[in-house]
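Geometric and topological summary
One-letter residues, chain by chain:
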Amino acid sequence: MNDVDGTQDGRRRPVRSGTRPAESVWDYPRPPKLTDDDRRVTVAVGRRVVADTRASLRVLETSHPPVFYLPRQDVREEFLRPRPGRTHCEWKGTASYWDVVADDVVVPGAAWSYEQPLAPYEALRGRLAFYPSAVRCTVDGEVVVAQEGDFYGGWITPEIEGPFKGGPGTWDW
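Residues numbered from 1 in each chain as written. Predicted model: local features only at pLDDT ≥ 70, side-chain atom pairs only at ≥ 80, totals over all residues. Heavy atoms only, no water.

Structural notes on the packing of aromatic side chains
- All chains considered together, the criterion is met by four aromatic pairs.
- Seen from their ring centres, Tyr69 and Tyr114 are 6.4 Å apart, and the 40° between their planes marks the pair as tilted. Placement of Tyr69 in strand S6 (residues 64–71) and of Tyr114 in the loop between strand S9 (105–113) and strand S10 (127–130) is noted, with a sequence separation of 45 residues between them. The pair Tyr69 / Tyr114 is uniform in exposure class, with both members buried.
- For the ring pair Trp112 and Tyr131, a centre distance of 4.5 Å and an interplane angle of 45° mean the geometry is tilted. With Trp112 in strand S9 and Tyr131 in the loop between S10 and strand S11 (136–139), the pair connects residues that are 19 residues apart, well separated along the chain. This pair shows no difference in class: Trp112 is buried, exactly as Tyr131 is.
- Members of the aromatic cluster, each reached through a chain of ring pairs, are Tyr69, Trp112, Tyr114 and Tyr131. (Phe/Tyr/Trp six-rings, centres within 6.5 Å; stacked < 30°, edge-to-face > 60°. Helix = DSSP H or I, 4+ residues; strand = E, 2+ residues; numbered from the N terminus. Buried < 20%, exposed > 50% of the residue type's maximum accessible area, 1.4 Å probe, protein only.)

Listed below in structure tokens is the structure:
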């Protein structure tokens, strides 16, 4: 389902099929804000469901598709393995990375978390985000399209409109 329109200018998005109102990433704030989302979110590797929740937090930031953060209690931790290395976000703090291991499949660096997030992002503590380019992510049954470039890990769902920062030629926006 979720075909991607053919644009090459940062407007990569699923074909709109839902009933949710459109959201332009250019209306999102900077610094980013957190919003609750009760849609069903799943993450899978092959046939293994790694996460299933209706209690996500979305991070909304200007020019970026949202990132969904899932509560740890809704993630099957037996599929997670800590990964060396850290990065720092000026807003959220230091990110830790996780490999997802399901059966014989290892997906390196497929998830990240903020174990000690900065204020006002403390609500991210105890949550994980996943790269939709690395694992299969769905929101209310619709397959998520990964944000181009993978640096931000944005989730493009049918209501999200760009253009999006992250792909080739967009870094100086």
